[in-house]
Amino acid sequence: MSEHSEWIEKLVSHSADARIAALRKISSQKSVTGVTIVCVKLAGDCDDDVRMWAADALGRSVTPQHSEVDALADLILHSDDGEVCYWAATMLGRLNTDSIAAIEALQHCVTNSMSLPARERAVGALAEIGPAAAAALASLEKTAEAAPARLKRLAKDAIKAIGKAA
């Protein structure tokens, strides 16, 4: 069994200790692919230590792949957990223009999420997509008018990155 297969097995284990051990190992690596979706889901785990280590792995080592875009978008659309949405948007932002298929989900997060950090990350991901995210301009303009100060600024920056001056 490969190390990657062992990680996946532990990440989906019923044992929080096994999930934490795998996440700690992933966090110690330089770049790990193929675990993005399960790690994002673990950011919403019921165990606080699992959530913490999932965030650590996602922040340090997990590298999303283009093949995971649809699943990340689905997590944004169907999760009520702010941390899950935050990390899904973060991973989509890291993929830049490879995340074009997730524009609708990111836009949904910007306008509907109850989590301000998730909304901020979704705006950032749209900015990273750039001009191809033009379909989200109306939502970004609305956000730039009526949102908390930092989110307003990020929305204005995203509008500029997409190609229309705020």
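Residues numbered from 1 in each chain as written. Predicted model: local features only at pLDDT ≥ 70, side-chain atom pairs only at ≥ 80, totals over all residues. Heavy atoms only, no water.

Visitor: It is not clear to me how the environment of A161 should be interpreted in this structure. Could you clarify?
Guide: If you trace the backbone, A161 turns up in helix α10 (residues 149–162). Overall, A161 belongs to the partly exposed group, its relative accessible area being 36%. For A161 and L126, which are 35 residues apart along the polypeptide, the C-alpha to C-alpha distance reads 8.6 Å. For A161, the contacting residues outside a window of four places in its chain are A127, G130 and P131. (Helix = DSSP H or I, 4+ residues; strand = E, 2+ residues; numbered from the N terminus. Buried < 20%, exposed > 50% of the residue type's maximum accessible area, 1.4 Å probe, protein only. Contact = heavy atoms within 4.5 Å.)

Visitor: Would you explain the environment of T33 in this entry?
Guide: Along the chain, T33 turns up in the loop between α2 (16–27) and α3 (36–42). In this structure T33 comes out as partly exposed when scored by relative accessible area, which is 34%. Separated by 29 residues in the primary sequence, T33 and V62 have C-alpha atoms spaced 6.1 Å apart. Aside from chain neighbours lying at most four places away, what touches T33 is H4, T63 and Q65.

Visitor: Looking at this model, I keep getting lost on the packing of helix α6 (residues 82–94) against helix α8 (residues 116–129). Mind explaining?
Guide: To characterise two packed helices, one gives the angle between the axes of the helices and the distance between these axes. Interhelical geometry of α6 versus α8 gives an angle of 15 degrees and a closest axis separation of 8 Å. If you check the angle between α6 and α8, you find them roughly parallel. For the crossing formed where α6 meets α8, the hand is left-handed. Counting all contacts with α6, which are made through G82, C85, Y86, A89, T90, L92 and G93, the residues of α8 involved are P117, A118, R121, A122, A125 and E128. Here the contact of α6 with α8 is composed, by residue class, of eight nonpolar, three polar and two charged. (Axes fitted to C-alpha atoms, helices over the stretch in contact; angles between N-to-C directions. Parallel < 35°, antiparallel > 145°, perpendicular 65-115°, else oblique. Left-handed = near helix turned anticlockwise from the far one by under 90°. Nonpolar A, V, L, I, M, F, W, Y, C, P; charged D, E, K, R; others polar.)

Visitor: Can you walk me through the nonpolar core in this structure?
Guide: Among soluble globular proteins, nonpolar side chains are generally buried collectively. Judged by nonpolar contacts, the single largest core of 58 residues is most densely connected at L11, I26, V40, L106 and L140. Of all the elements, α6 adds the most residues to this core, at eight residues. (Core = buried A, V, L, I, M, F, W, Y, C linked by side-chain atoms within 4.5 Å.)

Visitor: Looking at this structure, how should I read the pattern of salt bridges?
Guide: Scanning all chains against the criterion turns up five salt bridges. Salt-bridge contacts for R19 lead to D45; the nearest nitrogen and oxygen are separated by 3.2 Å. In this pair, R19 is assigned in helix α2 and D45 in the loop between α3 and α4 (48–60), connecting sequence segments 26 residues apart. Look at D45 and you get buried, because its relative accessible area is 11%. Across the pair E120 and R150 runs a salt bridge whose closest N-O atoms are separated by 2.7 Å. Pair noted here: E120 is in helix α8 and R150 is in helix α10, with a separation of 30 residues, a long-range link. A relative accessible area of 14% means that E120 is categorised as buried. (Salt bridge = Lys/Arg side-chain N within 4 Å of Asp/Glu carboxyl O.)

Visitor: Hey, could you run me through the packing of aromatic side chains in this one?
Guide: How two aromatic rings sit relative to each other is given by the distance of their centres and the angle of their planes. One pass over the structure, following the stated rule, counts one aromatic pair. Here Y86 and W87 contribute two aromatic rings whose centre-to-centre distance is 5.1 Å and whose plane-to-plane angle is 85 degrees, an arrangement assigned as edge-to-face. Summarising the burial analysis for this pair, Y86 and W87 share the class buried. (Phe/Tyr/Trp six-rings, centres within 6.5 Å; stacked < 30°, edge-to-face > 60°.)

Visitor: I'm lost on unusual backbone geometry in this one. Help?
Guide: Across the chain, the bulk of peptide bonds are trans and the bulk of non-glycine residues have phi less than zero. One non-glycine residue, N96, lies in the positive phi region at around 50 degrees. Assignment of secondary structure puts N96 in the loop between α6 and α7 (103–112).

Visitor: Any chance you could explain the environment of S28 here in plain terms?
Guide: Considering the arrangement of structural elements, one finds S28 in the loop between α2 and α3. It is 14 Å that separates the C-alpha atoms of S28 and H4, two residues lying 24 residues apart in sequence. There is a polar contact of 3.3 Å between the side chain of S28 and the side chain of Q29. (Polar contact = N/O pair within 3.5 Å; in protein donor to acceptor, adjacent residues only side chain to side chain.)

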